[in-house]
There are 2 protein chains.
Amino acid sequence: MARPSKFSTDEILDVACGLLLDDGPAALTVSAVARNLGAPSGSIYHRFNSRDLLIAMMWLRAVEHFHQHIEPIFDTTETYSDVVRISCGVVTWAREFPLHAQVLLLHSASALLHDGWPDEVIERNQAQLQRLQVMQNKLCKRVGAKTAAQKRRLGFAIMDIPYAAVRLPLSRGEAPSKDSEQLVADAVTGVLAALTKENT
Amino acid sequence: MARPSKFSTDEILDVACGLLLDDGPAALTVSAVARNLGAPSGSIYHRFNSRDLLIAMMWLRAVEHFHQHIEPIFDTTETYSDVVRISCGVVTWAREFPLHAQVLLLHSASALLHDGWPDEVIERNQAQLQRLQVMQNKLCKRVGAKTAAQKRRLGFAIMDIPYAAVRLPLSRGEAPSKDSEQLVADAVTGVLAALTKENT
DNA sequence: ATAGTTTTAGAGACTACTCTCTAAAACCAA
DNA sequence: TTGGTTTTAGAGAGTAGTCTCTAAAACTAT
């Protein structure tokens, strides 16, 4: 029977998140995580083969959380006029889960990883990229987006605009303002106006 | 009479930009800049007292370039329906000056600087923050934005939306798609619809 | 030629990080 | 008690970055 852990994986990843958000990417080192957690660096390396693996896991945790949250909204969206539900869902997710949102929306994985995606998580990462792609493809089919321009417009509405609304508050460690969902809805309405016209 | 420089300040900053964009923030070191430029590190440190000063100067160069470009558009915008000119001007600037745009729009200064803004450039940075604030305040006055909500909406239209439209192509080293200005215009139209109604 | 000034050049001190390694601790089972 | 397994613990090898320092180069003026 093995010695029990003193530190859970989530605790380690939470400390890493905190360091990233409070002190920036350069502060995100295994030494700093260990120091802040009160764990020896050998313990961290025992769990995560490399610094990049720790970062990648932190990132994937946020991505998976986001996808889990947003997927049901995607899957129940049938028309262009419903798309705004997804857009606002992104904002609401960022509001409710700022830690994950700060990781996912304020930094790119490639900027955080020093040597790219570690082998251990390549498939897991691919799976999430695929998962989002499938969500988007199915949505395009359901709402009737066929051309590249229509798809681009849809992607702008779903991901880029909500991102625009939350990035500054997130970077200040604040919640998005109360009217953020309405702002996003208005922008999305403007962007999709052309497409809903095409569909009528 | 002093020995002439072999390397100009702009050359040094250009190499730094290239490193940031090609290899990410962690690759942005004085050692790497020196190596890529073929200059001794002593020369770089002779010019820039610290790594953070080099980064700060690279950042400010991009900010000042952007402000120089966007200020005339700000200053000639009088009505809500003209605001879209600013929004599209941001996209066009990013399209024409990708190097500066990549620095300014894909990374936050705080994420790049290890120890915050160096004393040498605090005032210069403050001046640019002030400059933007003045532009925005004057615009609010001219178009008639009075409440915090109106101002928020205006800021969303001017900065956040264009930014969202260019960040992914920029991060891939690509130009924004040809329809980006139209996408932004539609989103901004949606966002400002409420304000133009209030004004009539 | 010497003096003055600025810039290049590169060695090296120092630091912090990454990661490996060894050993011990902590648990249960036999 | 011994054995097995997993985890903690922490020393230390190796590396790369930051930055200081010394010296020389490169120019013009006197």
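Residues numbered from 1 in each chain as written. Chains lettered and ligands numbered in written order. Predicted model: local features only at pLDDT ≥ 70, side-chain atom pairs only at ≥ 80, totals over all residues. Heavy atoms only, no water.

1. What to know about the overall build of chain A
Secondary structure assignment for chain A yields 10 helices and 0 strands. Ordered by position from N to C terminus, the α and β elements of chain A give α-α-α-α-α-α-α-α-α-α. Referenced to the eigenvectors of the C-alpha coordinate spread, the extents of chain A come out at roughly 65 × 35 × 30 Å. In chain A, which comprises 200 residues, the proportion classed as buried is 48%. For chain A, restricting intrachain contacts to residue pairs at least 6 apart in sequence, the fraction spanning at least 24 positions comes to 74%. (Helix = DSSP H or I, 4+ residues; strand = E, 2+ residues; numbered from the N terminus. Buried < 20%, exposed > 50% of the residue type's maximum accessible area, 1.4 Å probe, protein only. Contact = heavy atoms within 4.5 Å.)

2. Structural notes on the environment of Thr9(B)
Residue and element names in this part refer to chain B. The topology assignment puts threonine 9 in helix α1 (residues 9–23). With residues near it in sequence (within four places) discarded, threonine 9 still touches Arg47 and Phe48. Of note is the side chain of threonine 9, whose polar atom sits 3.5 Å from the side chain of arginine 47. (Polar contact = N/O pair within 3.5 Å; in protein donor to acceptor, adjacent residues only side chain to side chain.)

3. Here's the deal with the packing of aromatic side chains
Counted according to the given criterion, the structure contains 3 aromatic pairs over all chains. An angle of 35° between the planes, with centres 6.0 Å apart, marks the rings of Tyr163(A) and Tyr163(B) as tilted. Of this pair, Tyr163(A) sits in helix α9 (residues 148–171) while Tyr163(B) sits in helix α9 (residues 148–171), each in a different chain. Here Tyr163(A) matches Tyr163(B) in class, with each residue buried. For Arg167(A), the ring lying beneath its charged end belongs to Tyr163(B), and the centroid distance is 3.9 Å. (Phe/Tyr/Trp six-rings, centres within 6.5 Å; stacked < 30°, edge-to-face > 60°. Lys NZ or Arg CZ within 6 Å of the ring centre and 35° of its normal.)

4. Details of the packing of helix α5 (residues 83–96) of chain B against α9(B)
Residue and element names in this part refer to chain B. At their nearest, the axes of α5 and α9 sit 9 Å apart, and the two run at 25° to each other. Taken together, the axes of α5 and α9 lie roughly parallel to each other. Read as a crossing pair, α5 and α9 show a hand that is right-handed. Residues Val83, Ile86, Ser87, Val90, Val91 and Ala94 of α5 touch α9, and the partners they reach there are Leu154, Ala157, Ile158, Pro162, Val166 and Leu170. Tallied by class, residues from the contact of α5 with α9 come to 11 nonpolar, 1 polar and no charged. (Axes fitted to C-alpha atoms, helices over the stretch in contact; angles between N-to-C directions. Parallel < 35°, antiparallel > 145°, perpendicular 65-115°, else oblique. Left-handed = near helix turned anticlockwise from the far one by under 90°. Nonpolar A, V, L, I, M, F, W, Y, C, P; charged D, E, K, R; others polar.)

5. Focus on the protein's contact with DNA strand C
Taken together, 23 residues lie around DNA strand C, and Met1(A), Arg51(A), Met1(B), Ala2(B) and Lys6(B) are the ones closest in. Within 4 Å of the protein, the contacting atoms of DNA strand C are drawn from sugar and phosphate to the extent of 64%. One of the side-chain N or O atoms of Ser43(B) is found 3.5 Å from a sugar or linking oxygen in DNA strand C. Put simply, the parts of the chain that give the surface near DNA strand C at least two residues each are α2 (30–37) and α3 (41–47) of chain A together with α3 (41–47) of chain B. Considering each element in turn, the surface near DNA strand C owes the most residues, 4 residues, to α3(B). (Near = heavy atom within 4 Å.)

6. Let's talk about the relation of the copies chain A and chain B
Overlay of chain A on chain B (RMSD 0.1 Å): rotation 180°, translation along the axis 0.1 Å. Accordingly, the operation relating the two chain copies is best matched by a two-fold axis. Taken together, the interface assignments show that 100% of the residues at the interface of chain A recur at the interface of chain B, consistent with an identical surface on both copies. (Least-squares fit on C-alpha atoms with pLDDT ≥ 70 in both.)

7. A word on the pattern of salt bridges
Scanning all chains against the criterion turns up 20 salt bridges over all chains. Here Arg51(B) makes a salt bridge to Asp52(B), at a shortest N to O gap of 3.2 Å. Taking the relative accessible area as the measure of exposure, Arg51(B) reaches 15% and is therefore buried. A relative accessible area of 8% places Asp52(B) in the buried class. Each of Asp10(A), Asp14(A) and Arg61(A) takes part in salt bridges that share partners, so that together they form one network. (Salt bridge = Lys/Arg side-chain N within 4 Å of Asp/Glu carboxyl O.)

8. Re the protein's contact with DNA strand D
By nearness alone, 23 residues border DNA strand D, and Met1(A), Ala2(A), Lys6(A), Met1(B) and Arg51(B) come closest of all. Backbone atoms, meaning sugar and phosphate, make up 64% of the atoms of DNA strand D lying within 4 Å of the protein. Here a base nitrogen of DNA strand D sits 3.4 Å away from a polar atom, N or O, in the side chain of Ser41(B). Looking at the surface near DNA strand D, the elements with two or more residues in it are α3 of chain A together with α2 (30–37) and α3 of chain B. Across the surface near DNA strand D, the residue classes break down as 9 nonpolar, 8 polar and 6 charged.

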